Amino acid sequence: MHLHPADAALLFVAGLLAGVLNAVAGGGTFLTFPALVFTGLDSVVANQTSTLGVFPGQIASFWAYRKVLATKRYLIVALGLASLLGGSLGAVILLVTPTGAFDRLVPWLLLFATLIFAFGSSLRQRFGLRLATGPDGEMTRSSLTKATVFQFIIGIYGGFYGAGAGILELAVLDLLGLDDIHLANAFKVILTTAFNTLAVFIFIVAGKVAWPEACIIAVSTVIGGFGGASVAQRMPASRVRAFVIFVGVFMTIYFFARTHG
């Protein structure tokens, strides 16, 4: 299908902003997925295309954070493997999910991710949810096991849908006690990249990716992702978080109206 210049421009801008948002606070797929739906793709193809499109931007952000990730390698290995396996399972579930069922799930998934992003930190502080660490400040074996299970579940969500997965990552990383926002952002980038790695391969093999749209988003998210990661290490994320919440609420309302209209 021929891609209209206006649609191409919309996808480029959405990808650019998504790359920045993913690097700074997460939530970039809130922009790319709806933009792809607006151009006429069905929701399942749009979701797979969005996952593939933002993937190069995630790699660019990871490279920008490479120095921050020099510590806590044991966490990277444990959570990265859980993320990789979970993302693969989520991608397979998406492939066997009918488009109609996925359409009905989308607004609820958006609502869930938006609420977690908006109120997750407050809830964790209120109920004291934080995994235990030993005297040396490192996580206990029991806590690491729990963290790996949490990450596997997030990986399934990320491989299946993706929108808000970075937000959920930040929530879990805060639960793990990663108070350094730059370290948490770096972990978020590598873990979202991990659960998308095999998911992207599965989607390509399945042959349901809209390649012109994916390529446009890929180019723009690389630009936004690398630049956004550089900016994120020098700025507070409060305004970006507010913007992500606004986009999440708007898109949730839109997709509820679209589903039930």
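Refer to the preceding data block for the structure.
Residues numbered from 1 in each chain as written. Predicted model: local features only at pLDDT ≥ 70, side-chain atom pairs only at ≥ 80, totals over all residues. Heavy atoms only, no water.

Student: What is the right way to read the overall build of the protein from this model?
Tutor: When helices and strands are tallied, the protein shows ten helices and zero strands. Secondary structure elements in the protein, listed N-terminal to C-terminal, are α-α-α-α-α-α-α-α-α-α. Within the protein, the fraction of its 261 residues that count as buried is 53%. In the structure as shown, the protein presents an accessible area of about 11700 Å², 72% of it carried by carbon and sulfur atoms. (Helix = DSSP H or I, 4+ residues; strand = E, 2+ residues; numbered from the N terminus. Buried < 20%, exposed > 50% of the residue type's maximum accessible area, 1.4 Å probe, protein only. Areas by Shrake-Rupley, 256 points an atom, 1.4 Å probe, with all protein chains shown as cover.)

Student: Mind showing me how you'd approach the side chain of Thr32 here?
Tutor: Positionally, Thr32 belongs in helix α2 (residues 29–38). Apart from residues lying up to four places away in sequence, Thr32 is in contact with Ala14, Gly15, Ala18, Ser50, Val54 and Ile217. (Contact = heavy atoms within 4.5 Å.)

Student: Looking at this model, I keep getting lost on the side chain of Thr29. Mind explaining?
Tutor: Relative to the assigned elements, Thr29 resides in helix α2. Apart from the residues within four sequence positions on either side, Thr29 is in contact with Asn22, Pro34, Ser50, Gly162 and Ala163.

Student: Teacher, can you tell me more about the nonpolar core here?
Tutor: Note that soluble globular proteins tend to have their nonpolar side chains buried in a common cluster. Counting 48 residues, the largest nonpolar core has Phe30, Phe33, Phe102, Leu110 and Tyr161 as its most contacted members. The residues touching Phe33, leaving out its near neighbours within four places in the chain, are Ser43, Ala46, Asn47, Ser50, Phe102, Val106, Tyr161 and Phe255. Counting eleven residues, the second largest nonpolar core, distinct from the first, contains Ile76, Leu79, Ala147 and Ala184. (Core = buried A, V, L, I, M, F, W, Y, C linked by side-chain atoms within 4.5 Å.)

Student: Would you mind going over the packing of aromatic side chains with me for this structure?
Tutor: Where two aromatic rings form a pair, the distance of their centres and the angle of their planes describe that pair. All chains considered together, the criterion is met by ten aromatic pairs. Plain terms: the ring middles of Trp108 and Phe256 are 5.0 Å apart, the flat faces sit at 85° to each other, and that makes the pair edge-to-face. Within this pair, whereas Trp108 is found in helix α5 (residues 99–127), its partner Phe256 is found in helix α10 (residues 238–260), the two being separated by 148 residues in sequence. With centroids separated by 5.1 Å and ring planes inclined at 85°, the aromatic side chains of Tyr254 and Phe255 adopt a geometry described as edge-to-face. (Phe/Tyr/Trp six-rings, centres within 6.5 Å; stacked < 30°, edge-to-face > 60°.)

Student: Can you walk me through the environment of Leu105 in this structure?
Tutor: Structurally, Leu105 can be placed in helix α5. A sequence separation of 56 residues divides Leu105 from Tyr161, and the C-alpha atoms of the two residues are 9.7 Å apart.

Student: Quick question: what am I supposed to make of the packing of helix α4 (residues 73–95) against helix α6 (residues 141–160) here?
Tutor: To characterise two packed helices, one gives the angle between the axes of the helices and the distance between these axes. As a packed pair, α4 and α6 sit with axes 6 Å apart at the nearest point and diverge in direction by 35°. Crossing of α4 over α6 shows right-handed handedness. Considered class by class, the residues forming the contact of α4 with α6 number 15 nonpolar, eight polar and no charged. (Axes fitted to C-alpha atoms, helices over the stretch in contact; angles between N-to-C directions. Left-handed = near helix turned anticlockwise from the far one by under 90°. Nonpolar A, V, L, I, M, F, W, Y, C, P; charged D, E, K, R; others polar.)

Honestly, it's all geometry; don't read function into it.
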